[in-house]
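Breakdown of the fold
The residues making up each chain are set out below.
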Amino acid sequence: MSYRPNITNVTKASSNDKEGLYEFIIKLADGTECRAFYNRFPEWKMTNISRLLKTPCPICRKDFICKCMEAFTADFEGQMIGDQWIEKAIAE
């Protein structure tokens, strides 16, 4: 069984519009929440992602800090840009 993150909601946590830096809280279908950092210039690019410690990791089942979500950066970026989650979160 392979894990596939599925984004259900994205909210903007903070931003520095001048520098093009953004922080988003990403909620997944399995109840996991992640914090993702993006740089807007020259184009949207995820610089870091980490799981918020509200529920155990769906991959390794640890309830403390792990780096499992970093392996799915391409999946997250594809959904964030393809489903226009970034634009929706900034518009709020």
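1. A short note on the nonpolar core
Ranked by internal contacts, the top residues of the largest apolar core, which has 20 residues, are Phe-24, Ile-26, Tyr-38, Phe-76 and Met-80. Contributions of two or more residues to this core are made by strand E1 (7-16), strand E2 (21-28), strand E3 (33-39), strand E4 (45-51), helix H1 (73-82) and helix H2 (85-91). Among the elements that line this core, the one with the most residues is E2, at four residues. Not counting residues within four places of it along the chain, the set of residues in contact with Met-80 comprises Ile-7, Val-10, Phe-24, Ile-26, Tyr-38, Trp-85 and Ile-86.

2. Looking at the environment of Ile-25
Its place among the elements puts Ile-25 in strand E2. On the basis of relative accessible area, Ile-25 is assigned to the buried category, the value being 14%. Considered as a pair, Ile-25 and Ala-36 are eleven residues apart in the sequence and their alpha carbons are 6.4 Å apart. Setting aside residues up to four positions removed in sequence, Ile-25 forms contacts with Asn-9, Val-10, Thr-11, Ala-13, Glu-33, Cys-34, Arg-35 and Leu-52.

3. Here's the deal with unusual backbone geometry
At the junction of Phe-41 and Pro-42, the peptide bond is cis and its omega measures out at -5° in the coordinates. The backbone of Arg-61 shows a phi angle near 65°, a positive value even though the residue is not glycine. Examined against the element boundaries, Arg-61 turns out to sit in the loop between E4 and H1. Non-glycine residue Gln-84 carries a positive phi angle of around 60°. Secondary-structure assignment places Gln-84 in the loop between H1 and H2.

4. Here's the deal with the packing of aromatic side chains
Evaluated as defined, the whole model comprises six aromatic pairs. Ring centres of Tyr-22 and Phe-24 lie 6.1 Å apart, and the angle between their planes is 5°; on these two criteria the pair is classed as stacked. Looking at Tyr-22, the relative accessible area reads 5%, which means it is buried. On the basis of relative accessibility, which here comes to 0%, the residue Phe-24 falls in the buried class. Ring centres 5.1 Å apart and planes at 55° place the aromatic pair Tyr-22 and Trp-44 in the tilted group. Placement of the pair is Tyr-22 in strand E2 and Trp-44 in the loop between E3 and E4, with a sequence separation of 22 residues.

Each value, and the rule that gives it
Residues numbered from 1 in each chain as written. Predicted model: local features only at pLDDT ≥ 70, side-chain atom pairs only at ≥ 80, totals over all residues. Heavy atoms only, no water. Core = buried A, V, L, I, M, F, W, Y, C linked by side-chain atoms within 4.5 Å. Buried < 20%, exposed > 50% of the residue type's maximum accessible area, 1.4 Å probe, protein only. Helix = DSSP H or I, 4+ residues; strand = E, 2+ residues; numbered from the N terminus. Contact = heavy atoms within 4.5 Å. Phe/Tyr/Trp six-rings, centres within 6.5 Å; stacked < 30°, edge-to-face > 60°.

Nothing here speaks to function; it is geometry throughout.
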